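Residue-level structure breakdown
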Amino acid sequence: MQDTGDTVRFRVLGPISMLPHTPTAAKVRVLLATLLVRANEAVSTTALIDELWDIHPPRTAATTLQVYVSQLRRALGEIPSEPTTSERRLHTVPPGYRLSVREEEFDLSRFETLRRTGKEAYDRGDFTTAASDLRESLALWTGLPLSGVPHGPVLATTSVRLEELRTVTLEQRIAADLRLGRHHELTGELMELVNQHPYRETLHAHLMVALYRSDRQSDALQAFSRARKALVDELGVEPGAGLRRLHDRILRSDPLLAWQDPAPPRPSPAAPAHWLPPATADFTGREAALATAAKLLPGEEGSRQLLVVGGRAGVGKTAFAAELARRCAGSFPDGQVLLPLRGAQDRALDSAQIALGLLHRLGGQEHPSEPAELPGERPELAELAGRLHQSVEGRKLLIVLDDAASEDQVRPVLAAMPDVFTVVTSRRPLTGLDGARHLVLDVLRPSEAQRLLTSIVGPRLAEDSAAAREIVRLCGYLPLAVRVAGSGLAARPHWSAADWAARLADEGAGLTPFVAGDLDVRASLLVGYREIGPAEQRAFRLLALAPVPDFPLWAAAALLDLPPAEAEQVVERLVESQLLSVRRSTPGQPCRYSYHRLLRTLAFELLADDPLGAVEAGTERLATAYLSYAQYAAALFTPEGAERPDGGGPGPLSCARIVGDNPARWFQEEAAGLVGAVRQAHAAGLWLLAWELTLALAGYFEAGSVWDDWAATHELALSAAQRAEHPGARAAVLGSLGDLAWQQRRGPLAAEHYETARVLHRSAGDRLGEARCLVGLADVALTDAEPGPAGKLYGQALELFGSEPQGQRGRADVLRGLALCHLLAGRAEEALVGFGEFVDAAQRLGDRRWAQFGSRSIDRIQEHVIDWAGGGREARPDAVEVRPGVWLVGDPQLQR
């Protein structure tokens, strides 16, 4: 770049100055300097006042500041009375002022741009450009930064930062000159610099290298001695590891430290490079993804030079990239190269190792010389990047960098070959790579997975297609797992496909069956797990306790014992690492997270090593959260719902946010999780949670006639109550089981449960509980077409409910029963009155479901039971809704 320093109008890299005239007043120069170091940004009046007067501003500071601003505007050539005749630079903007300057007229902006381009050139191995840009950036300096004005807090800190930036830039410019063989010219300059900066180890290292390469080995060793003396005597510390290693290499007269031309000519023409794994004969599916990737090739509309192929471990990213390279070989006549980015024990290669591997595969220098290692930089990477750039220049190549661990790992290598079409595969999204297009692979379709399995096992699999479907399902349609399972079955000709499916389904075996030779699903999945942080590893294990395949964020927060916002950050990092999946059922709905089947199996295996208390605590937290939300939802069903347990849990606001105003929908969405939480609580011996959560679900089970889950959870709850020796809980569960048996039209069993529960309630002195059981017994009598005995039982219950507020709902239920007794006895008019009283009571309770049931009953009586045309004659109804959704009719097959 050419020096155009005469175009610079504003200078801060030395004495503050401005063309054509620098303000003479010190305060106005301070104002100018402060606005310049924050050029093109709004600087508040408070910050300006602090800079001008520090902590003791005058009372008229604001007014005086306006005066200084007016003086600066005049110095800038701005005429307030004629704003259109002069370019406006100093703007009044909230909360203060902004000075607008262009990059080419401001020395600091030009310095930062040249420094950045120089560093980028250095990183890609273009040392000539790097040295030129860095030298030009340093030429902009005319002295100590921001000199000639008093410094307040902003200018003082900025001055220190700029001086440090200048020294770092100088060190990198010298490093570039050393790469270009200018060690003789640098010796004198470096001797002066180490005297000025005796504690800068990088400058001492540069001097030692320059002296050694100038055939002055003894002087290089003396330079180290002087550096060590300065550090030990003044600071009490030894030189750093980099400087000590350099000293050892000079003592050994390391020939690799001597000057070598960094840019040997590349053999021309270079032979085509072909480094792809063997073609996979059974490559299956991915046609749509391959077509999408092919559109990104150079020359295609919208093409890019970088494609990132993402997906979880075992999804087939490597096979996909290799297949893409083979299919597109005609577009890359100079070669196709795939380089794995992991070495022994799956450790990620560093950028220098990647560059070296590519050089070897592309036919470059196989063993490049080892450059000097200087503190604070990796010069070997810069040298290798330069050689890589020369090796790929002018060649039409497709390069696959397989299994990248991070953006930082591949970014320097990509910068060295900007014109090469590169495919990067990774478990991580690598969204930080500029200009990349992203393609994420998911598991295979079931039909594709079954086709892959058949191609591996052979024709005998066609005899049992059902078993084949089960095998690929157990593999989660993951290509690696399907390949391993197929290889395992193919190696066992004496096993049937059904037997092998049963082996894979054995939960006790975990991932053990998913190994075939050096193909190991567990090892592949563990790589991603080991690369995440401790918090994410803990989350990956604990979230496996979620009782359903997919779970909401609030369940994750409970399991992890974190606030929802923090839990979301951890869980989203697991999603980014392809260890969890996320879906949103409909726009605006909360996200739900899930494991791939095999990843969940891995999480359970890892969880086995956690302390037992951690697992139990997580289970209890999750069950407590389920209980809180279920009780809140149940209270919306029945306004007299249960209280939140003493053990704590989400508060009312959280419950309202999660459940919303539609408890039925929430119960439906979370039903599997709720039932699973009951099972987990019972298995963990959390008896109180087991029965309380079960009872909170009873209203949903009854309203939806969810008989199977109703029975399963209540049997567990009854067991929990018995083990805890809690008669009250046992009575409540038996009462609910009576409701279930009654709804199933199993009258004798219902009566048995109600009676046992009634006795337990009576023994405990629980009048309301006993009354509810009497209502249940009355309902049994009612469905046995015995309205007389039923009415007596309802009457007994009414006496027990009494007049206390707690019995309000029970009294309403008795009104329902008595109205039904009238109806079944042929007294329709009395039934109408009774149902009217029931509707009034339900409305007072705020129970819309009951009120609607009562209104429906009144309408049916008026329409079907009373013959108004015949003078109001009454008849027994053919069908009666005895509870919401539960019918009593003449045909037993239609009783539900």
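One structure accompanies this document, and this report is about it.

About the thresholds
Residues numbered from 1 in each chain as written. Predicted model: local features only at pLDDT ≥ 70, side-chain atom pairs only at ≥ 80, totals over all residues. Heavy atoms only, no water. Phe/Tyr/Trp six-rings, centres within 6.5 Å; stacked < 30°, edge-to-face > 60°. Helix = DSSP H or I, 4+ residues; strand = E, 2+ residues; numbered from the N terminus. Buried < 20%, exposed > 50% of the residue type's maximum accessible area, 1.4 Å probe, protein only. Patch = residues over 30% accessible without salt bridge, like charges linked within 9 Å, V, L, I, M, F, W, Y side chains within 5 Å. Areas by Shrake-Rupley, 256 points an atom, 1.4 Å probe, with all protein chains shown as cover. Salt bridge = Lys/Arg side-chain N within 4 Å of Asp/Glu carboxyl O. Expected span 1.5 Å × (residues − 1). Bend = angle between axes of the 7 residues up to and from the residue. Contact = heavy atoms within 4.5 Å. Core = buried A, V, L, I, M, F, W, Y, C linked by side-chain atoms within 4.5 Å.

Attention shifts here to the packing of aromatic side chains. According to the stated counting rule, one finds 18 aromatic pairs in the structure shown. Both rings, one in Phe 540 and one in Tyr 595, keep their centres 5.5 Å apart while their planes meet at 65°; by these two values the pair is edge-to-face. One end of the pair, Phe 540, is in helix α21 (residues 534-542); the other, Tyr 595, is in the loop between β16 (592-594) and α24 (597-607), and 55 residues separate them in sequence. Relative accessible area serves as the criterion here: at 0%, Phe 540 is assigned to the buried category. Geometrically, the ring pair formed by Phe 838 and Trp 850 is tilted, given 5.5 Å between the ring centres and 40° between the ring planes. Placement of Phe 838 in helix α35 (residues 828-845) and of Trp 850 in helix α36 (residues 848-865) is noted, with a sequence separation of 12 residues between them. The pair formed by Phe 838 and Trp 850 is uniform in burial state, with each residue classed as buried.

This next bit is on a nonpolar patch on the surface. Residues Tyr 199, Leu 235 and Val 237 make up a contiguous nonpolar surface patch of roughly 260 Å² in combined accessible area. By the secondary structure assignment, Leu 235 is in helix α9 (residues 217-235). Residue classification places Leu 235 among the partly exposed residues on the basis of a relative accessible area of 46%.

Here helix α7 (residues 183-196) is 14 residues long and its end C-alpha atoms lie 20 Å apart, about the 20 Å a rise of 1.5 Å per residue gives. Maximal helix bending in α7 amounts to about 30°, located at Glu 189. Of all the residues in α7, the buried ones are His 183, Leu 186, Thr 187, Leu 190, Leu 193 and Val 194. Of the surrounding elements, those touching the buried residues of α7 are α6 (153-179) and α8 (201-213).

Moving on, we come to the pattern of salt bridges. Under the criterion given, the structure shown has 41 salt bridges. Of the charged contacts, one joins Arg 102 and Glu 105 as a salt bridge, the two residues approaching to 3.3 Å between their closest N and O atoms. Note on Glu 105: relative accessible area 5%, which makes it buried. One salt bridge in this structure joins Asp 779 and Arg 816, with 3.0 Å as the shortest N-O distance.

Our next topic: the nonpolar core. By size, the foremost hydrophobic cluster in this structure holds 131 residues, and its most contacted members are Ile 471, Phe 540, Leu 543 and Phe 551. Ranked by the residues each element gives to this core, the list is headed by helix α25 (residues 612-637), at 9 residues. Discounting residues that sit within four places of it in the chain, Leu 543 has contacts with Phe 551, Ala 556, Leu 559, Leu 560, Val 571, Leu 574, Leu 580 and Tyr 595. Core analysis: the next-biggest nonpolar cluster, separate from the first, contains 42 residues, Leu 774, Ala 781, Ala 812 and Phe 835 among them.

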